[in-house]
Amino acid sequence: MKQVIVGMGTCGLSAGARQTFDRLNEILSGNPGAFEISGTGCIGMCYREPLVEVREGGSRFIYGDVTPELAEEIYNLHILGGEVLENHIALHIAPDGKKSGSEAGFHSLQNKIVLRNCGTIDPESINEYEAAGGYQAIQKALFEMTPGEIIQCIKDSGLRGRGGAGFPTGLKWSFAAANESDIKYVVCNADEGDPGAFMDRSVLEGDPHAVLEGMIICARAIGAASGYIYCRAEYPLAIKRLTIAIDDARKKGYIGKNILGSGFDFDVKIKQGAGAFVCGEETALFASIEGERGMPRIRPPFPAEKGLWAKPTNNNNVETYANIPWILENGADAYADYGTEKSRGTKVFALAGKVVHGGLAEVPMGTTIHELVFEIGGGIKDGREFKAVQMGGPSGGCIPSTLDMTPVDFESIPATGAIMGSGGMVVLDDRTCMVEMARFFLEFTQNESCGKCTFCRLGTLRMLEILTRITKGEGEPDDIEKLVTLGNQIKEASLCGLGQTAPNPVLTTIRYYRDEFEAHIHDKRCPAGSCSALVDFFIDPEKCTGCTVCAKNCPVDAIAGERKKVHVIDNSICVKCGKCITSCNFDAVYKK
Amino acid sequence: MPAGICKGVCITARREDSFSYRLWRYDGAPGELIPLLQSAQDHFGYIPRRAISYISGVTGIPESEVYGVVTFYSQFRLKPMGKFVIKACAGTACHVSDSKLIIETIEDELGVEVGGTTEDGLFTLNTVACIGCCSLAPVVMINDETHGRLTPALIRKLLRSYRRREKAARGEESSAGCAERL
Ligand SMILES: Cc1cc2nc3c(=O)[nH]c(=O)nc-3n(C[C@H](O)[C@H](O)[C@H](O)COP(=O)(O)O)c2cc1C
Ligand code: FES
């Protein structure tokens, strides 16, 4: 029988997957037994959501942009008639694994380890996870390997933490294992604070059991009996699916007392974050689980010695844990075959911004930025020019298009001044102002600073004031030097990673785009045509209907025009408040 | 989750999350403060003064400390929220897709600033850093519905349609049949 699978991740649901799913269910209830229907997590091609897959005899046909109407057509023609709607096929995977269809390019360079089950299994079904080979690795971990052997295997695989810093995972586990204690904890960091990164969410929504299995293996390796998953509250669907996964795993005896009769106990609880970026930092995360204000603590002592409730704790990122079962199953060497010498394996990137194909891509470490943006991402939207990628979010930096041959790994990216971070990759085009970009990130970290360190609390505020001044055309000649000095001081005088990296976005943009800063300061000009105070406003005669709303809203009467006639803005009177853009009902006003 | 405590009464997941249930179940286990506050916010829609007193009374944590935790996390609110909570995304991908214009348009249309609630209690405007639908930027969430690929004109239309629907619903309730157009 044909199986119909609908992508029901947050990306799919916000594009209307629920309506498509409901329509298919309606059809099914009218024609019982015509096909089987289920939901799955994010397939990665977020830009073509809602996605619907028709699966038959090993052949997978994935349709893109499936509205309820198209779903009906797919039912009539494909499911009943056996005729494939070629024009709507995003991806076809033949039984031999060969890919074709309009989005085959998006998948060409990808290798799925972390995302192995995302978009193929129903994340709310433990049976499907098992059928896909799930929970085999813990059998190995419990009955065939000693804790020492597990740790050695992870060390040999070369896996490094995917939460940002890239610390070798096996080594981290060995520290926690070596510390004697009656109680130890395993913590999973699912706080995903970097705005522009969404792979942890997709893994939790699409394959929650993989993360659980990784945690169980870790617990076995370090000798812990309880664990926590700290998930941000903005991810309600991820929390729901994790809750189901934990309940099902407990019923099947994968967690709880005496797991699979091995005598080993382990249980997991979910803790919801409450909206604080700094809680992604591990010591602040522990404070938050303990029910306190999420403020970072001084290290050392490191978590492996004194972590959660002052007990030895191992904390890893979602993606790190999701790799673990695969490594135990397939062996350390198979994993180490992917990637570069010092950065083994694959990494999931969240492509967003001005790129044609926004979505998730998992590639071997060492793939170049160019390949990610152009071959997988399909290039820049609206045929604009590629300017830079922003990596590492508020702790990272912008890598200019001239360095697009840089391979993504833990050595090459930091050499540019950016960081790997969690894998958010926001693509910028020639209309993005780099000064504004720097200001945006600093505003973010300034807001999120917990206030413990003076430099982080006040230094970032001073930097923000300077940057805001520059974007308003009120910059002063020595502002750039001031930013650099302050930035370096903040890096040195802050306790946690938030302050230590907050100046990065500013320092890297000054490094690569100093001329843009200078244009703002000296010529009072925004080369990208973005900073409102430094550009002119125009009305598109094609779109203007002469409704007079903008003229009525203009506080300085800079807009002239009669009812039902095209209006014109007098830029010599205009005070650049932007009121005309936000008030226009036809999106006719633009700035240049 | 406290499984196996059934005691003859079937307690559904919903009940286990409820504020009074959690308060009643509190057994002095450390780290329960934030979940308690979360269920209080679920229950009241915000954290009222009396919830802080209840929690402090049950846990023995001083009210000042509870308040300190409430103000640290952006999720907690000390004032009631509107019927429709707008979460305008101000994450990186949305920012480069001009989310600032969208937020300004909402402020203008509703006459409130970020963090504020309209006088009629209908809308509260908040910003969030990334909803995870970056490929549909700029994105706004209104209660649980996500709206993507917005422009100033589109968001204005959207807000007006919410207002109109609400007015129609209220009109029906009072059967006044108000025909005022927005
Ligand atoms: C300000 C700040 C925010 C962070 N946010 C996250 C986050 O959202 N997710 C995450 O996994 N790690 C985050 N980290 C890194 C964690 O502190 C920690 O290094 C990581 O979870 C370790 O896991 P790994 O070894 O698997 O990478 C953050 C660090 C800092 C300083
Ligand atoms: S940045 Fe807005 S949804 Fe991610």
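Residues numbered from 1 in each chain as written. Chains lettered and ligands numbered in written order. Predicted model: local features only at pLDDT ≥ 70, side-chain atom pairs only at ≥ 80, totals over all residues. Heavy atoms only, no water.

Chemist: Help me understand the sheet that holds strand 12 (residues 359–364) of chain A, please; the structure alone is not making it clear to me.
Modeler: Strand pairing in a sheet relies on backbone hydrogen bonds. The paired strands run either parallel or antiparallel. Residues and elements named next belong to chain A. Judged by pairing direction, the sheet is mixed, and its 5 strands sit side by side in the order 12-11-15-13-14 without closing on themselves. At either end of the open sheet lies a strand with only one pairing partner, and these are strand 12 and strand 14 (397–400). Pairwise comparison of adjacent strand axes, ignoring direction, gives a mean angle of 30° for this sheet. Note: strand 13 (residues 386–391) against strand 14, 4 bridges, orientation antiparallel. Of the residues in strand 14, the one forming a bridge with alanine 388 is proline 400. Here helix 17 (residues 434–448) sits on the sheet in contact with strand 13, strand 14 and strand 15 (424–429), set at roughly 15° to strand 13. (Pairing = 2+ DSSP bridges. Helix = DSSP H or I, 4+ residues; strand = E, 2+ residues; numbered from the N terminus. Axes fitted to C-alpha atoms, helices over the stretch in contact; angles between N-to-C directions. Contact = heavy atoms within 4.5 Å.)

Chemist: Honestly, the packing of helix 18 (residues 454–471) of chain A against helix 19 (residues 479–493) of chain A in this entry has me stumped. Any pointers?
Modeler: Each pair of packed helices gets described by two things: the angle between the helix axes and the distance between those axes. Residues and elements named next belong to chain A. Where helix 18 meets helix 19, the closest approach of the two axes is 10 Å, and the angle between their N-to-C directions is 160°. One way to sum up the angle between helix 18 and helix 19 is to call them roughly antiparallel. Along this stretch, helix 18 crosses helix 19, giving a crossing that reads as left-handed. In contact with Phe455, Cys456, Gly459, Thr460, Arg462, Met463, Ile466, Leu467, Arg469 and Ile470 of helix 18, helix 19 contributes Asp479, Lys482, Leu483, Leu486, Gly487, Gln489, Ile490 and Ala493. By residue class, the composition of the contact of helix 18 with helix 19 is 10 nonpolar, 4 polar and 4 charged. (Parallel < 35°, antiparallel > 145°, perpendicular 65-115°, else oblique. Left-handed = near helix turned anticlockwise from the far one by under 90°. Nonpolar A, V, L, I, M, F, W, Y, C, P; charged D, E, K, R; others polar.)

Chemist: How should I be thinking about the sheet that holds strand 4 (residues 59–63) of chain A in this particular structure?
Modeler: All names here are of chain A. The 6 strands are arranged 2-1-3-4-5-6 in an open sheet whose pairing can be described as mixed. Since the sheet does not close on itself, it has two edges, and those belong to strand 2 (36–40) and strand 6 (99–100), each with one partner. Against the sheet, helix 2 (residues 17–30) makes contact with strand 1 (3–7), strand 2 and strand 3 (52–56), and its axis sits at roughly 165° relative to strand 2, the strand it touches most. Helix 3 (residues 68–80) contacts strand 1, strand 3 and strand 4 of the sheet and is inclined by roughly 160° relative to strand 4.

Chemist: Teacher, can you tell me more about unusual backbone geometry here?
Modeler: Trans peptide bonds make up most of the peptide bonds, and negative phi angles are found at most residues other than glycine. Cis rather than trans, the peptide bond between glutamate 49 of chain A and proline 50 of chain A has omega equal to -5°. Following alanine 137 of chain B, the chain continues to proline 138 of chain B via a peptide bond in cis, the omega torsion being -10°. Secondary-structure assignment places proline 138 of chain B in the loop between strand 2 (123–128) and strand 3 (140–142). Even without a glycine there, the phi angle at glutamate 192 of chain A is positive, about 25°. As for its placement among the helices and strands, glutamate 192 of chain A is situated in the loop between strand 7 (185–190) and helix 9 (199–206). Classification of glutamate 192 of chain A by relative accessible area gives buried; the value is 6%. Positive phi outside glycine occurs at threonine 548 of chain A, with the angle close to 70°. Relative to the helices and strands, threonine 548 of chain A resides in the loop between strand 16 (537–539) and helix 22 (549–553). (Buried < 20%, exposed > 50% of the residue type's maximum accessible area, 1.4 Å probe, protein only.)

Chemist: Any chance you could explain the domain arrangement of chain A here in plain terms?
Modeler: As a measure of interface size, the accessible area lost when the parts come together is often cited. Here chain A is partitioned into domain 1 (3–104), domain 2 (126–335), domain 3 (346–429), domain 4 (434–522) and domain 5 (536–591). When each unit is reduced to the centre of its C-alpha atoms, the spacing between domain 4 of chain A and domain 5 of chain A is 34 Å. (Domains from an automatic or database assignment.)

Chemist: How should helix 12 (residues 282–289) of chain A be read in this particular structure?
Modeler: Structural remark: α-helix, 3.6 residues per turn; residues separated by three or four positions point the same way. Of all 8 residues making up helix 12 of chain A, 8 are buried, and the element is well covered by its neighbours. Glu282, Thr283, Ala284, Leu285, Phe286, Ala287, Ser288 and Ile289 of chain A are the residues of helix 12 of chain A that are buried. Buried residues along helix 12 of chain A sit against helix 8 (169–178), strand 7, strand 8 (226–231), strand 9 (267–272) and strand 10 (313–317) of chain A together with helix 3 (33–44) of chain B. Phi turns positive, to about 90°, at glycine 291 of chain A, one or two residues after helix 12 of chain A.

Chemist: Any chance you could explain the interface of chain A and chain B here in plain terms?
Modeler: Contacts between chain A and chain B engage 54 residues on the former and 44 residues on the latter. Across the interface of chain A and chain B, roughly 3800 Å² is buried in total on both sides, 57% from carbon and sulfur atoms. Among the residues chain A hides against chain B, the three largest losses belong to Ala274, Arg293 and Thr582 of chain A. Together they make up 16% of the total. For the pair chain A and chain B, the number of links is 2 salt bridges. Between lysine 271 of chain A and glutamate 32 of chain B there is a salt bridge; the shortest N-O distance is 4.0 Å. Here chain A and chain B share 18 residue pairs in polar contact (both at pLDDT 80 or more) between them. Mapped onto the side of chain A that touches chain B, the elements with two or more residues apiece are helix 1 (10–14), strand 9, helix 12, strand 11 (346–353), strand 15, helix 17 and helix 23 (579–583) of chain A. A total of 6 residues in the side of chain A that touches chain B trace back to one element, the largest contributor, which is helix 17 of chain A. Split into classes, the residues belonging to the side of chain A that touches chain B amount to 27 nonpolar, 16 polar and 11 charged. (Buried area = accessible area lost by both parts, 1.4 Å probe. Salt bridge = Lys/Arg side-chain N within 4 Å of Asp/Glu carboxyl O. Polar contact = N/O pair within 3.5 Å; in protein donor to acceptor, adjacent residues only side chain to side chain.)

Chemist: Please explain the pattern of salt bridges as it appears in this structure.
Modeler: Pairing is possible between side chains of opposite charge, provided their charged atoms come close. In the structure shown here, the tally under the stated rule is 46 salt bridges over all chains. Between glutamate 282 of chain A and arginine 299 of chain A there is a salt bridge, with its nearest N and O atoms 2.8 Å apart. Residue glutamate 282 of chain A is found in helix 12, and its partner arginine 299 of chain A is found in the loop between helix 12 and strand 10; the two are separated by 17 residues along the sequence. A residue is classified by how much of its surface remains accessible, and arginine 299 of chain A, at 37% relative accessible area, is partly exposed. With a shortest N-O distance of 2.8 Å, arginine 156 of chain B and aspartate 108 of chain B are connected by a salt bridge. Here aspartate 108 of chain B lies in helix 7 (residues 99–110) and arginine 156 of chain B lies in helix 8 (residues 152–174), a separation of 48 residues in the sequence. By relative accessible area, which is 25% here, aspartate 108 of chain B ends up partly exposed.

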